[in-house]
Amino acid sequence: MGTLRGQPHFYAPYLYAEHAEGDVEFEVVALETAPALNDALASGSVDFAVGSITASIAGAATGRDVRIVAAAADGGSGIIGGPGIESVRDLVGKRMGYLESSSQLVGLRLILEREGVDVDDVELVSLSAPEFFNAFSTGQIDAFAAPEIGVSLALGAGGHAIADPYSTEIGRLNIALLTTGAMIEEDPDLVQAVVDTHAATTAYMADNQDEWLPEMIEEYGGDQAVLESALENFWLRADLSPTYEEQIGNLAAQMARLGMIAQAPALEDVVDASFASRDEPAGS
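What you see is a predicted model, and the numbers here were worked out from it, not measured in a lab.

(A) Region of the structure containing the side chain of aspartate 74. Structurally, the position occupied by aspartate 74 is in strand S4 (residues 67–75). Residue aspartate 74 is classed as buried on the basis of its relative accessible area of 3%. In terms of polar contacts, aspartate 74 uses its side chain to reach the side chain of arginine 237, at 2.6 Å. Ignoring sequence-local partners within four residues, the contact set of aspartate 74 consists of Arg172, Leu173, Asn174, Asn233, Phe234, Trp235, Arg237 and Tyr244.

(B) Region of the structure containing the layout of surface pockets. As a volume, the largest pocket reaches approximately 720 Å³. Along the walls of the largest pocket sit 38 residues, with Leu4, Gln7, Ala129, Pro130 and Pro147 positioned nearest its centre. Of all the secondary-structure elements, those providing two or more residues to the lining of the largest pocket are helix H2 (34–43), helix H3 (53–61), helix H4 (103–114) and helix H6 (150–156). Taken together, the residues of the lining of the largest pocket sort by class into 17 nonpolar, 16 polar and five charged. Estimated volume of the second largest pocket: approximately 220 Å³. Lining the second largest pocket we find Met1, Val24, Glu25, Phe26, Glu27, Val29, Ser45, Val46, Asp47, Phe48, Leu190 and Val194. Looking at side-chain class alone, the lining of the second largest pocket contains eight nonpolar, one polar and three charged residues.

(C) Just the sheet that holds strand S7 (residues 123–126), in detail. With mixed pairing, the five strands of this open sheet are ordered in space as S7-S6-S8-S5-S9. The sheet is open, and its two borders are formed by S7 and strand S9 (160–163), each paired with just one other strand. Ignoring strand direction, the axes of neighbouring strands in this sheet form an average angle of 35°. Strands in contact with H4 are strand S5 (77–81), strand S6 (95–98), S7, strand S8 (143–147) and S9; relative to S8, the strand with the most contacts, it is inclined by about 135°.

(D) Main features of empty space enclosed by the protein. Counted by the stated rule, this structure contains four cavities of 30 Å³ or more. When its volume is computed, the largest cavity comes out at roughly 70 Å³. Elements supplying a minimum of two residues to the lining of the largest cavity: S5 and H4. Across the lining of the largest cavity, the residue classes tally to five nonpolar, six polar and no charged.

(E) Molecular detail of helix H8 (residues 188–207). End to end, H8 covers 29 Å across 20 residues, agreeing with the expected 28 Å (1.5 Å per residue, within 8%). What H8 keeps buried is the set Val191, Ala193, Val194, Val195, Thr197, His198, Thr201, Thr202, Tyr204 and Met205. Each element contacted by the buried residues of H8 is listed here: helix H1 (12–15), S4, strand S10 (175–179), helix H7 (181–186), helix H9 (209–220) and strand S11 (234–236).

(F) Fine view of the packing of H9 against helix H10 (residues 224–231). As a packed pair, H9 and H10 sit with axes 11 Å apart at the nearest point and diverge in direction by 130°. Judged by the inter-axis angle, H9 sits oblique to H10. Viewed along their axes, H9 and H10 form a crossing whose handedness is right-handed. Every residue of H10 that contacts H9 at Gln209, Trp212, Leu213, Pro214, Met216 and Ile217 is listed here: Gln224, Leu227, Glu228 and Leu231. Residue composition of the contact of H9 with H10, grouped by class: seven nonpolar, two polar and one charged.

(G) Spotlight on the packing of H3 against helix H11 (residues 242–257). The contact between H3 and H11 brings their axes to 10 Å, and the two run at 60°. Classified by the angle their axes make, H3 and H11 are oblique. For the element pair H3 and H11, the recorded crossing hand is right-handed. Contacts between H3 and H11 involve Ile53, Thr54, Ile57 and Ala58 from the former and Tyr244, Ile248, Leu251, Ala252 and Met255 from the latter. Taken together, the residues that form the contact of H3 with H11 break down as eight nonpolar, one polar and no charged.

What counts as what
Residues numbered from 1 in each chain as written. Predicted model: local features only at pLDDT ≥ 70, side-chain atom pairs only at ≥ 80, totals over all residues. Heavy atoms only, no water. Helix = DSSP H or I, 4+ residues; strand = E, 2+ residues; numbered from the N terminus. Buried < 20%, exposed > 50% of the residue type's maximum accessible area, 1.4 Å probe, protein only. Polar contact = N/O pair within 3.5 Å; in protein donor to acceptor, adjacent residues only side chain to side chain. Contact = heavy atoms within 4.5 Å. 1 Å grid on protein atoms, 1.4 Å probe; cavity = no way out; pocket = protein on both sides within 12 Å on 5 of 7 lines; lining within 4 Å. Points joined across faces, edges and corners; volume = space filled by probe spheres on them. Nonpolar A, V, L, I, M, F, W, Y, C, P; charged D, E, K, R; others polar. Pairing = 2+ DSSP bridges. Axes fitted to C-alpha atoms, helices over the stretch in contact; angles between N-to-C directions. Expected span 1.5 Å × (residues − 1). Parallel < 35°, antiparallel > 145°, perpendicular 65-115°, else oblique. Left-handed = near helix turned anticlockwise from the far one by under 90°.

Right, dumping it as C-alpha cells:
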C-alpha cells in the first residue's frame, strides 16, 4: 500500500491490519509526493495506493493504467491570503503559491475565472506541499492555494481564507483509493477485500480520532492542535457514489479545458465503481 508520510488523511493504510478482511496482509510504503505514489502504482512497486485524484486523471490521460476504486478523503484544501489580500481579486500582481497537478490548482483556476481575474495577471509560484507555510510566513509568497497541513499552519499564524475552495463543480475532491486495471482483472477478490478493509478503517477513523491521532503523533511527530485543525477540514469517506463519480468527470473535463491535460480520459478509464458502496454519504 502506497501512501504519504506524516499526513493524517493518508494514515488509513497504517491501520488496515487492524481492520483487515480475510487473510490479506498489508505492507505500507510511505512516499513523499502524490505523483510519486502514482509512479509507484504504475511501475508495480505498490499494488494499491491512497493518492491524488488529479494525478490519477493526469496519468490516465497519458495512457497509464490507474483506477479509482473508492474515495479516501474529501477536502483538505485552502485558499489563503496574507495582509492586504481579502479576496481573489486582490491577487492581481501578487505572488500566489500553488501545487502542481492538484485539485487545489483546478479549484483556484475556476474561482479566478468566476471572479473575472486573468490567471496571467497573478504571479504563480510552484511549490511542494511541505514548502507552503514557510514560503507564506517568510513573505516569499503573498497567498497560496494548497492542501493541508499548510492551510492550518498558515491560519494559525495570521493567514485568512480569501475564497471557498469547495465552491466549484469539482466540489471537495481530493484523494482516493487507487489500483490498476490489471490488478482488477487479475484478482478482483483481492481488490474487493482491500476496498472492504479500507471502508472499515475509514469508518473507524471518522468515529475514533481521539484514539488513532495520538498514536500517529507519537510515532511520526507533529503538532496535535495543527493536525486536529487540519482534520476539521477533511471528510473521510470510502464510497464511490454517483455524485462523487460525476465530480471526478467534472474534474477531468476542467483539467482538459484549462490545458492541464491534452484530453479528458473516458471516465471508465479512471473509475471502477464495482467494489465500493454507491450510497451517497450525508453532506456529499
